[in-house]
Amino acid sequence: MAGRTSPSTGGANRRTVLAGTAAALAAALSGCDPAAPASRQSSDDAAAPAVTGHKPRGKDVIDVVADCGAKGDGRTDDSRAFARAYSYAADRVWDHVGRTVIDVPAGTYLIRKPNALLNAPKGELKANGLRFRGAGKRMTQLRFAPPEPENAYLCRNEDSWANVMFEQLGFVSATPGASFFYSYSTGQAQDYRFTECEWTGEWTYGLALDGSNTNSEMRWDACRVGGAYRKAFLYSGLSEKSVSHGQQDQFLNYWFNDMKVEYAWGNFLEFPYGGSITCRGGSYIVTGRRPEDSGDYGRTSTFFRFPRGPHHDSVQRFHAEDIRFEVRDPDTVVIDCAWDSGTVHFNDCDDTANAFKTFAGGSSPHRYRVGPQGPLVRYDSCQLSGQHTYEQDGGGGPRARYDMCRLRNHSPRDFIKGAGDRVKFVDCLGS
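These numbers come from a predicted model, not from an experiment.

Engineer: Looking at this structure, how should I read the nonpolar core?
Structural biologist: When a protein is soluble and globular, its nonpolar side chains tend to lie buried together. Within the largest apolar cluster, 97 residues are counted, with the highest numbers of intra-cluster contacts made by Trp199, Trp220, Phe304 and Phe346. For this core, the element with the highest residue contribution is helix H2 (residues 79-91), accounting for 7 residues. Every residue in contact with Trp220, bar those within four places of it in the chain, is listed here: Phe194, Trp199, Leu207, Phe233, Leu234, Tyr254, Trp255, Phe256, Asn257 and Met259. Counting residues in each nonpolar core, the second largest holds 9 residues, with Tyr182, Ala232, Tyr235 and Tyr297 among its members.

Engineer: Whenever I open this one, the side chain of Thr332 confuses me. Can you help?
Structural biologist: Tracing the chain through its elements places Thr332 in strand E22 (residues 332-337). The class for Thr332 is buried, based on a relative accessible area of 2%. In this structure, Thr332 is in contact with Val286, Ser301, Phe303, Glu326, Val327 and Pro365, ignoring residues within four places of it in sequence.

Engineer: Would you mind showing me how to read the pairing of strand E8 (residues 153-158) here?
Structural biologist: With 6 of 6 residues buried, E8 lies mostly within the body of the structure. Strand direction decides the pairing type here: strand E5 (residues 118-120) and E8, joined by 3 bridges, are parallel. Its bridge partner being in E8, Ala120 is matched across the sheet by Asn157.

Engineer: Even after reading the chapter, I still don't get the pattern of salt bridges, so can you show me in this structure?
Structural biologist: Close approach of charged atoms allows side chains of opposite charge to pair. Counting across every chain of the model gives 23 salt bridges. Glu198 is the salt-bridge partner of Arg138, the closest N and O atoms lying 2.6 Å from each other. Within this pair, whereas Arg138 is found in the loop between strand E6 (127-133) and strand E7 (140-144), its partner Glu198 is found in strand E12 (residues 198-213), the two being separated by 60 residues in sequence. Assessed through its relative accessible area of 56%, Arg138 is described here as exposed. For Glu198, a relative accessible area of 3% puts it in the buried group. The salt bridge partner of Arg308 is Asp393, with a shortest N-O separation of 2.8 Å. Note that Arg308 is positioned in the loop between strand E19 (301-306) and strand E20 (316-321) and Asp393 in the loop between strand E27 (388-392) and strand E28 (399-403), a separation of 85 residues in sequence. Residue classification places Arg308 among the buried positions, given a relative accessible area of 6%.

Criteria and thresholds
- Residues numbered from 1 in each chain as written.
- Predicted model: local features only at pLDDT ≥ 70, side-chain atom pairs only at ≥ 80, totals over all residues.
- Heavy atoms only, no water.
- Core = buried A, V, L, I, M, F, W, Y, C linked by side-chain atoms within 4.5 Å.
- Buried < 20%, exposed > 50% of the residue type's maximum accessible area, 1.4 Å probe, protein only.
- Helix = DSSP H or I, 4+ residues; strand = E, 2+ residues; numbered from the N terminus.
- Contact = heavy atoms within 4.5 Å.
- Pairing = 2+ DSSP bridges.
- Salt bridge = Lys/Arg side-chain N within 4 Å of Asp/Glu carboxyl O.

Structure follows, in structure tokens:
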């Protein structure tokens, strides 16, 4: 396929944490008996599976402090306590359904060992349902401080868990360049939900998605994305273990609702293999600048970066609605899209907070590279600063429409840089 391809760097090694067994933990829990062996059935929601075996014994809700020995004082290494909690939950899976909620009380928990929070390598477990529950943002803090940042992830899910929930937790990268979550899937790993969570510190990846199928159905509600990202908060298509890079086209259905995206530098979303992405509500701000040039990104920090990678024809759909963006300097980019098909739609969004500054008129916070099949681009009832850039790739040229938009720095005639022959303005106001 013609066109630039996306960098696919920064994969993960296969180190795992040797956690205590659930049987040992259950014995340590007052009144809890060792758990029954976990079922290895595959996940299938088409019909309720026949119930086999016996319900595992032990607590349905465990506390990493009271039951697993975590200190939560910010100084003691609590890696072993979290590994024990996860191992206990994994061994209580029954008929491929998780049966354990892991509670993390208020406190600051130092975690030095990679994969201590969730350690599911090589697809050895097929399970649906795992829940981590904190006391609230800034109240429950998990400080991830591995000895070396390269390929170090706090969570690893390789084709094992679906339906994973994180609630009211804060995640801090205390070793600059560490990563939060590695998720590899050929059909199992999917359905993640984050509610009122926060990320701070300097990360390489927030979530890095790999594989050739699913890794989809993920939702973030009322979360704060702070810190900084050498690559991206959500990077879809790592290409480290995929059987076929050309089949990395099933990254579907990601929802971000009422977010506070306020990070220092880096990219928020990077999707070189397409995807279906919806962002509704909230405030999106890049507060600083990259400390040095990046070989992949230069000095820019981009909220929505959609380069063109080699893949089969897949869903390529992006929608942003009711979002306020701050473009504080020319190196802040709202969208840089080179998809070769699909649609991009902004509705009732505003990026004009700094339109009065001298750099604004010459900036290009929205950038597109458009081929014969698109993407089709539309802006409805938006307030827009700077100019929008369209680069034509092959025949056809861009197809874009602006309806009832306010252009703060230019008239419609001067608003488009590059190939603007097929850009249409309907009832727009310019400067």
